[in-house]
Structures are given as C-alpha cells and as structure tokens.
Amino acid sequence: MYCCRPQPYAWRKSSVLQALRNCSNSHRALGMCPTSSRVLSTCIRLGLNPFYWQIHHMLFPLQLFQVNIMVNDSDGRSCRSLLMVRVQPVYHNTVNFTESSKAVSVFENTGPLQTITRVHAHGEGHVLYEIIYPSTVYFTIDSETGEIKNTYNVDLVRNPELAQTLLVVRAYDMHHPTDSATITVNITIQHQNLQGPMCNPAIYVTEIPETSPIGMSLTILSCVDKDSNNRTLQYQMENSQIPPYSFRMEHNVLQVNTTLDCDSVAMANLRFQYQAAILVTDSGSPQQTTRIPVLVTVSRVNEYNPECPRRFSFSIPENAAFGDFVANINGTDRDYPFNKIEYSILGAQDIFYIGRHSGNLYVLGPLDYEERKSYSLTITLKDLDNDVNSGQQRVTQCNITINVQNVNDEAPVCTPPIWTLTIYSTLSSTTDITTLQCHDDEEGSQLMYTIVGGNTNGRFRMDGSKLRHNKFSYNRDGIFDPLNYELLVEVTDSRSTPRFSTTATIIVHVIPWTTTVPTTTTVTTTTISKKPIILHRTEEYWAPDPWFVVVLTLTGILLFSALGLLFWRFCCRKAPTETPQPLLQNRGKGTERNYIVTEEPSKDKGKDSAEVVNLQHHFDGTAQDPVTGQYYLYDSSSGARRWM
C-alpha cells in the first residue's frame, strides 16, 4: 500500500493546491488511486483525471489549518497524509523611492566614516538597503538606515578617480526580496582648500627713520596658493595696528600710510616699534587666510633745534655771594627725550657759571654795580641723545642779559675828613659856618647829617650839609660856652637798611664878642686817601638754656652794681669842674678812630646850673704821627697833644 508522506506546509492557497496536485500525481503514477471515490468531507478535483480526496480538516488560529487526507482506490487500498496549511493573503509589491536619482557634493579629506547622504524608500514591510553597483570599497551603506558613508579618508591627490562616483542603491523587503526598487546616487568629491597662501617673507621686520614720507614702499610680498592653483589673492591690513592706520597695502606692496613720529611718551613706551599684520586671503572654498606679522622699528631723527627760553633778562643784587642762584635757563627741545640739553656759557665765564645739564646760572665772581651794571651772556644749547647717530646734534645760542642791582654797600666819603675853622661869637646864626663836602658812590642815595658829639650846650646845628650855630653865651656870671668845639658829624647815606655812615670832624674856635681885633678864619684840611677795607667775619655763638641766661643776667647785674659803686666812690674825689672826655668811635667804613670830645652837660641840671665847662688846653693845629700814621691835635703854646 502506498501512501502520501505527510508534510507540513505554510504556504499560500496556491501552494496547498500544488502540494495536493503533486500527491495525486504520485498516486496516479503508481496506479493506486481509483478513478472515482466517495468524498467523506471535501472533494477536490485535480488534474484531468477525476480523483477524489477525502479531507478531514480543523481550523486553527492565525489561519493555520491541519488536514488529514486519506486516499482510497477501487481496490480498497488507501493511504493517509497529514497536511499543515497556513493561509496567507496575496502579496503586492510596495517598496519604492520617491525619486529616481540623487546628487550630492562633499569635500575631500573630511576623514573616514563621514555621512555623505541618506536614501529613503517607502514600503509596508521591513525595508533594507544595499549597494548593487559598482563594487567599491570606498563607500558603504547602512542596511537599516540607508546612510551612505565613506569607508576611508577621500584624498583626491591620491585617488583622483573618486572625484565623480555613481552608486546604484537597491531597497528591498526583508521578507519578500523580490519586492525592491533602485535609486542612482551621484557623489561628487570637491577639492577642499585646506592650506592658506604661502608668502615670502613670512614675517616682516625692518627699521626705518621717523622722517620716512607717506607712501614710501617698505616691501613687496610674494605669495602663492597651491590649493587654489594661484587664483586671485586679496591683501589687506589687519585692524589691530599699533598705532592704528600706520601702514596700508597697495595690492601686494606694503606702504607707509601716516607720518611716523617717535617724539612722544606713548611711542617710547612701545620702544619705538610699530606693530601691524597683513592678511592674505585666497579664493578657495572655504577661503583660507595667511597672517603676516609686521614689526617696524622707527629710528629717532634729530629734527628740531633747541629753543631758547622766553625770558631773556634777569637781575641779581651786587652783593650776591659766590654760588648764589641767578636764574634757570629753561631751554626746550621737541625731540625725544624731551629737553635733554647740554648748557655752556660764552663770555663772562669768570663772573658766572651755568650747570651743564640743569641750566642753572650761578654767581662765580664778585659783582659791583658801580663798575659794571649789566652783563650780556651767550648761552649755548646743545641737544643730546636725540638721534640714532650720536654725532647728529643741533646747537642754538641764546643771548641773555644779567642786570646788576645796586645795593648800598659803601659808606659816604667826606673830603676832607677834618675841618678846622675860627669864627666870631657875634656871627649871624643864619650864616653858614661851613659846608661839608661829602659824597656817596651809590646812585640815588640821600645823605643825612647829624651832630653826634662835641656839641656842648647845643650851640651848633646842621642844615643839610651846612653847619650853623645858635647864640653863644659868654657871660662870666652865667653860662660861659667853650671857646673850642670839636664837633663830630655823622653822615648817613640812606633812611632804610642796609645803611652806612661816616664821621666827619669839625674843629671850631670861637672868639667871644669881647675881642676887638678880628681874626681871619683859618681852615686847615687834611686829606686821607685810604682805600676802604672790607672785612668779613664769621661768628660762632653759644645758645644756652633760658634758666642759665636768667641766672647769668642776675649775677652780672649784681657784679656791675658793685663795680659801679666802687667806681663812683673813687670818682667823687675829683674837682667839680673836671669833666671826663669820652671817646666817640667813627662808624664810617674804614679804619676806626677815637676822638676825645667835651661832654655836654646833662639836661636834668636845668637852666639854673651856673657851672662853666672849659677846656684845659687850646688846640690850634693838627698833625700826623710819622710812625703810626694817626692824626692828633696839638697846642702850639703849651705843646700839649690829643690823639684823634
């Protein structure tokens, strides 16, 4: 007995029929299937011969059927077979692209596994992707997402054939591979501009003088761009110039754009260096730029002459000492470093001295207004360190005037210093006895005359430089004035300090009115020609504490009181008519002299005093000692002498 082998099927309805047809054919070939049969459940006619199949079937979930098939022939022979049938719907093609081709352009040298593009197909099932043409190792596609990537880094220099690549991509249903569609992807690899222009020089460093004119060419750049095949290059200055806008570009030529100046503190802080940069840009894609640093050191040039001060006249008193400050010759120089000037003086170098770098003018020698009232000096100003070349120096000469101010530093001079004359007591009080001949070399000085000694009973007075007398008294019963007067006249040259004075001596012999024989007035003059001697003395003093001064003062008062008392006791034994004759010192400039004069009576005695002061000797002449050179008075009748 031959039976069909049971087989499980998970086919479509057509597949089930095909399986049954195969089974019936096998039985017919064996001659085992009857030409007619009773159909127990379902009868299916297959082929040309009328075969009958008895099918016992059962419905399963998910359209899965299990069929028991028994085949009987006319001889009573039969066979059974179990058939598993899965019923599925009829499938239609659903995979498709919305476009037939796609073009994409990318740059080279972007690295491996870079996404170039992505294709997308529509389908009801699970769609997969694959490259079916050409067979390449440089590109790959993700079967799930459809992303096309490069496998290796694409370099057109090494692989120029990859500039244009045509890929055919197939999309298909995973369960029905015959359900598919294709798309053409055109990939263009563009040359990428990775390298900027190469320039010579790559950095520009130079040094130029600050007097370089605007528009002067500094250098010509030579630039090439290998990536862009020497296409158009653009040249421009970077905006970060220090100082700004100092240079400019004319195509590939670097030029000076503004006046270069080193004479400023700001440039000195930059060490006189201008900083800029040139930007050279190619026309590639993407554009590449090369930066060329520019360092231009500007050398200093001595452009300006030193300038004289605005003030050209100065004053200094004639009593200025050695080293006293006169003025500052404040010269200026606009070149950097500013006002760095060397000073020197021409003329009167023994009188004045100027500081070499400070410009301070000092007194060097003595000044005398009476000898020279002004000095004209020529000051030379020479600038220093204003040029790279140390020999490039500029010189300016300034003429200034130093005016010597008059200072009262000399005493008046009287000629002669001693006058001797004789007058009658009856001479009118309005008549001038004599006029002193005194003068002062100082300009504008006003001489003042004052009797400071020998004017007993106030019988003489000064009216300017003229000597006049008041009424004499020769009453033997009353006041009897002296017959000989030795007047000391102080001549002062100014009312303000400093003030100098000298003393003139006038010896007046008075003939009382009782004398009947008039005598002539005899004037004896003696001229002393001696050059004044100026002595400078430095005194050092000790400043004790205040308590010590008080104690010392009290002690001194007690000591002098005791000495005064002792002196009074000795002096009271002298005759009442004897009057001490003090010495009066000549305060004029020159050799000091002491004169013995008759002391005037004290005013507190009043008018009732009848005491008559008389001289013991009648001095009628003067002479000079040949040894000491000192003058003295003498009495020709007695031979008595009195030193002047």
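Basis of the calculations
Residues numbered from 1 in each chain as written. Predicted model: local features only at pLDDT ≥ 70, side-chain atom pairs only at ≥ 80, totals over all residues. Heavy atoms only, no water. Pairing = 2+ DSSP bridges. Helix = DSSP H or I, 4+ residues; strand = E, 2+ residues; numbered from the N terminus. Axes fitted to C-alpha atoms, helices over the stretch in contact; angles between N-to-C directions. Core = buried A, V, L, I, M, F, W, Y, C linked by side-chain atoms within 4.5 Å. Buried < 20%, exposed > 50% of the residue type's maximum accessible area, 1.4 Å probe, protein only. Contact = heavy atoms within 4.5 Å.

> What am I meant to see in the sheet that holds strand β29 (residues 395-405) here?
The strands making up a sheet associate through backbone hydrogen bonding, with each pair oriented either parallel or antiparallel. If you trace the 4 strands from one edge of the open sheet to the other, you get β23-β29-β28-β25, paired in mixed fashion. Two strands bound the open sheet, and with one partner strand each, they are β23 (313-317) and β25 (341-346). Each neighbouring strand pair of the sheet contributes to a mean axis angle of 30 degrees, computed without reference to strand direction. Pairing of β23 with β29, which is carried by 5 bridges, proceeds in the parallel orientation. In the strand pairing of β29, I316 is matched with V404.

> What is the right way to look at the sheet that holds strand β41 (residues 621-624) in this model?
On the basis of which strands lie adjacent, the open sheet formed by 3 strands has the order β41-β42-β43 and antiparallel pairing. One side of each edge strand has no neighbouring strand; the edge strands of this open sheet are β41 and β43 (641-643). Each strand axis lies, on average, 30 degrees off the axis of its neighbour in the sheet, ignoring direction. Note that strand β42 (residues 631-634) and β43 share 3 bridges and pair antiparallel. Directly across from L633, in β43, lies its bridge partner R642.

> Teacher, can you tell me more about the nonpolar core here?
Across soluble globular proteins, nonpolar side chains show a tendency to be buried alongside one another. Ranked by size, the top nonpolar core spans 26 residues in total, and within it L218, F247, L254, I278 and V280 carry the most contacts. Listed by contribution, the elements that provide at least two residues to this core are β15 (204-209), β18 (234-237), β19 (247-250), β20 (253-256), α2 (265-269), β21 (273-281) and β22 (289-299). Other than its neighbours up to four places away in sequence, L254 contacts Y204, M216, S217, L218, T219, M237, F247, R248, M249, I278 and V294.

> Is there a simple way to think about unusual backbone geometry in this case?
The residue after N200, namely P201, is reached through a cis peptide bond having omega 5 degrees. With respect to the element layout, P201 can be found in the loop between β14 (198-200) and β15. Positioned with a positive phi, Y245 is a non-glycine residue whose angle comes to about 60 degrees. Taking the relative accessible area as the measure of exposure, Y245 reaches 64% and is therefore exposed.

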